[in-house]
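Coordinate inspection notes
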Protein chains: 2
Amino acid sequence: MSPSGSFWVGSVPCLSLGLLCLLGVSFWRAHWHRGFSWDGSALQFNWHPVLMVAGLVVLYGYAVLVFRAPFTWRQKKLTWKLVHAGLLLLALLLSVLGLCAVFDNHRSLNIPNMYSLHSWVGLCTVIMFAFQWLLGLSGFLLPCSPLWFRSNLKPVHIWMGKAILILSLASCISGINELLFFTLNGSSGDPYNSLPVEAKFANSLGLLIVAFVLVVFGILSNDNWQRPETVHESVPLMLNENST
Amino acid sequence: MSPSGSFWVGSVPCLSLGLLCLLGVSFWRAHWHRGFSWDGSALQFNWHPVLMVAGLVVLYGYAVLVFRAPFTWRQKKLTWKLVHAGLLLLALLLSVLGLCAVFDNHRSLNIPNMYSLHSWVGLCTVIMFAFQWLLGLSGFLLPCSPLWFRSNLKPVHIWMGKAILILSLASCISGINELLFFTLNGSSGDPYNSLPVEAKFANSLGLLIVAFVLVVFGILSNDNWQRPETVHESVPLMLNENST
């Protein structure tokens, strides 16, 4: 099968899994936890898992794959650099908004912040993401970026990109787990250890997120889908608008 | 710097971080939770985090790196395949023993099993690990393994190897987080949200495990430390004892 054909075989499940994760987390918070608002209440907290899964996992996962699509290889690399940076900026903004949702809710209900391991790993993930975005902008888009900086930055950028996705997954799994213990054991309904329908649903959502991240890693690790690098692409891309 | 020199610059922090993780988790369960026993009590449960971190994270991380050490490249590949498989078998046995510790403890204290997302992801990780080990044995060590099978298996083996380490990290972070909520909020001491010394220690242990896994990924993603493949190494290795 051609790289283009086999890429679609891999990317259609990836796109579908990402959308399913987004639908799943939205349905979880809407159906069992009364939906969304931005008023400091538990309804504001509901934005936290939705925005983190949307930004840190799904949109981030889609954004890291844009250079792997063979149909983009004959187009200007700058276009796809801007798509990559744009999607990641949106992902970063959604993640920061997701953090605001939980901090705002904690402040209005007088709940302490930043004590759980989930919160430590989650905050590290978002800080690393913001740092990576700024570093990527300065190294790969700004015209003043020197060549030696760009070539040394590339392997670090690739490694940090994967590291952020790994940390996002660890944050999501620990967050969903923590939330189920809080809400199911703190309510008058069935406790988590009796596996009520909500627990089965949210646990399955966790496995769906795992599957999405592993499929993204599978696509990233396939050498057939590496964009072929041309010599004139090795200069900072704002100087290189006509590269093909 | 030569590949050999730079490999040691990367691997010494990696080895040290792994040992620190192991010391940290052992100290946590020994100092704050009265140490270890194998009698169905909470002291048996203490083996669970220690054995999972030892097997699924530290030993697993060391084992996946053996082919990256430049000093091994001039030696027989079979020797290092056996070291790789042997370390991973030991890692798998420690992980299974870690699962036995928690199941045994739950049975004797009548605590339900396999309801949390942590347990679902953790069990998937160990099952995937066992499957990967058997697949690796049949593809890369058994003399009857056909060449087409080995060459198709290699990228899947590499991807699954990384996937298992990612899932191990997600399992560890969610497990430490869950355990701190259980033990600190269920005891008469300071709750988790007041960040007592144990919480700070175990959260830091979680970050140490994150750092170890990311360093392992950093070493894996460095092309300079890829073992150069020679033609005669592409036959199943039990038939290839004299390869250098």
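Scroll up a little and you will see the structure.
Note that the structure is predicted; figures quoted are calculated from it, not measured.

Across its full length, chain A carries seven helices and zero strands. Helices (α) and strands (β) of chain A occur, in sequence order from the N terminus, as α-α-α-α-α-α-α. What you see for chain A is a C-alpha radius of gyration of 20 Å, in line with the 18 Å of a compact globule of 244 residues. Principal-axis analysis of the C-alpha atoms gives chain A an extent of 65 × 40 × 25 Å. Across the 244 residues of chain A, 54% fall into the buried class. For chain A, long-range pairs separated by at least 24 residues make up 74% of all intrachain contacts whose partners lie at least 6 apart in sequence. With an accessible surface of roughly 10600 Å², chain A has 71% of that area assigned to carbon and sulfur atoms.

It is worth spelling out the relation of the copies chain B and chain A at this point. Relating the two copies of this chain is a rotation about some axis coupled with a shift parallel to it. Rotating chain B by 180° and translating it 0.0 Å along the rotation axis places it on chain A, where the RMSD comes to 0.0 Å. On this basis, the relationship between the two copies can be described by a two-fold rotation axis. Of all interface residues in chain B, 100% are interface residues in chain A too; the two copies therefore contact each other through one and the same surface.

All names here are of chain A. Non-glycine residue asparagine 110 carries a positive phi angle of around 60°. Mapped onto the fold, asparagine 110 is located in the loop between α4 (77-109) and α5 (117-140). Although it is not a glycine, methionine 114 adopts a positive phi angle of roughly 55°. With respect to the element layout, methionine 114 can be found in the loop between α4 and α5.

What follows deals with the interface of chain B and chain A. Facing 36 residues of chain B, the contacting portion of chain A comprises 36 residues. In this assembly, chain B and chain A are joined by zero salt bridges. Our count for the contact surface shared by chain B and chain A stands at 14 residue pairs in polar contact (both at pLDDT 80 or more). Among the secondary structure elements, those contributing two or more residues to the side of chain B that touches chain A are α5 (117-140), α6 (147-185) and α7 (197-220) of chain B.

We now examine helix α4 (residues 77-108) of chain B. For an α-helix, 3.6 residues make a turn, and residues three or four places apart therefore share a direction. Taking 1.5 Å per residue, 32 residues should reach 46 Å; α4 of chain B reaches 46 Å between its end C-alpha atoms and fits that length. Looking at the residues trailing α4 of chain B, positive phi occurs at asparagine 110 of chain B, about 60°.

Closest axis-to-axis distance for the helix α6 (residues 147-185) of chain A/α6 of chain B pair is 8 Å, and the angle between their directions is 30°. Where α6 of chain A crosses over α6 of chain B, the two elements pack in a sense that is right-handed. Taken together, the residues of α6 of chain B that come into contact with α6 of chain A (itself represented by Ile166, Leu167, Leu169, Ala170, Ile173, Ser174, Asn177, Glu178, Phe181 and Phe182 of chain A) are Ile166, Leu167, Leu169, Ala170, Ile173, Ser174, Asn177, Glu178, Phe181 and Phe182 of chain B. When grouped by side-chain class, the residues that make up the contact of α6 of chain A with α6 of chain B number 14 nonpolar, four polar and two charged.

Moving on, we come to the environment of valine 83 of chain A. Residues and elements named next belong to chain A. In this fold, valine 83 is placed in helix α4. Classification of valine 83 by relative accessible area gives partly exposed; the value is 29%. Measuring from C-alpha to C-alpha, the distance between valine 83 and phenylalanine 140 comes to 13 Å, with 57 residues separating the pair along the chain.

Before going further, it helps to spend a moment on a nonpolar patch on the surface. A surface patch of nonpolar side chains, amounting to about 360 Å² of accessible area, comprises Trp8, Val12, Leu15 and Phe71 of chain A. Here phenylalanine 71 of chain A shows up in the loop between α3 (47-64) and α4.

All names here are of chain A. Counted under the stated rule, the structure contains two salt bridges over all chains. Residue aspartate 104 is joined to arginine 107 by a salt bridge in which the shortest nitrogen-to-oxygen separation is 2.4 Å. With aspartate 104 and arginine 107 both in helix α4 and three residues apart, the pair spans about one turn of that helix. For aspartate 104, a relative accessible area of 21% translates into the label partly exposed. According to the relative accessible area criterion, arginine 107 is exposed, its value standing at 61%.

Cut-off values and rules
- Residues numbered from 1 in each chain as written.
- Chains lettered and ligands numbered in written order.
- Predicted model: local features only at pLDDT ≥ 70, side-chain atom pairs only at ≥ 80, totals over all residues.
- Heavy atoms only, no water.
- Helix = DSSP H or I, 4+ residues; strand = E, 2+ residues; numbered from the N terminus.
- Rg over C-alpha atoms; globule rule 2.2 N^0.38 Å.
- Buried < 20%, exposed > 50% of the residue type's maximum accessible area, 1.4 Å probe, protein only.
- Contact = heavy atoms within 4.5 Å.
- Areas by Shrake-Rupley, 256 points an atom, 1.4 Å probe, with all protein chains shown as cover.
- Least-squares fit on C-alpha atoms with pLDDT ≥ 70 in both.
- Salt bridge = Lys/Arg side-chain N within 4 Å of Asp/Glu carboxyl O.
- Polar contact = N/O pair within 3.5 Å; in protein donor to acceptor, adjacent residues only side chain to side chain.
- Expected span 1.5 Å × (residues − 1).
- Axes fitted to C-alpha atoms, helices over the stretch in contact; angles between N-to-C directions.
- Left-handed = near helix turned anticlockwise from the far one by under 90°.
- Nonpolar A, V, L, I, M, F, W, Y, C, P; charged D, E, K, R; others polar.
- Patch = residues over 30% accessible without salt bridge, like charges linked within 9 Å, V, L, I, M, F, W, Y side chains within 5 Å.

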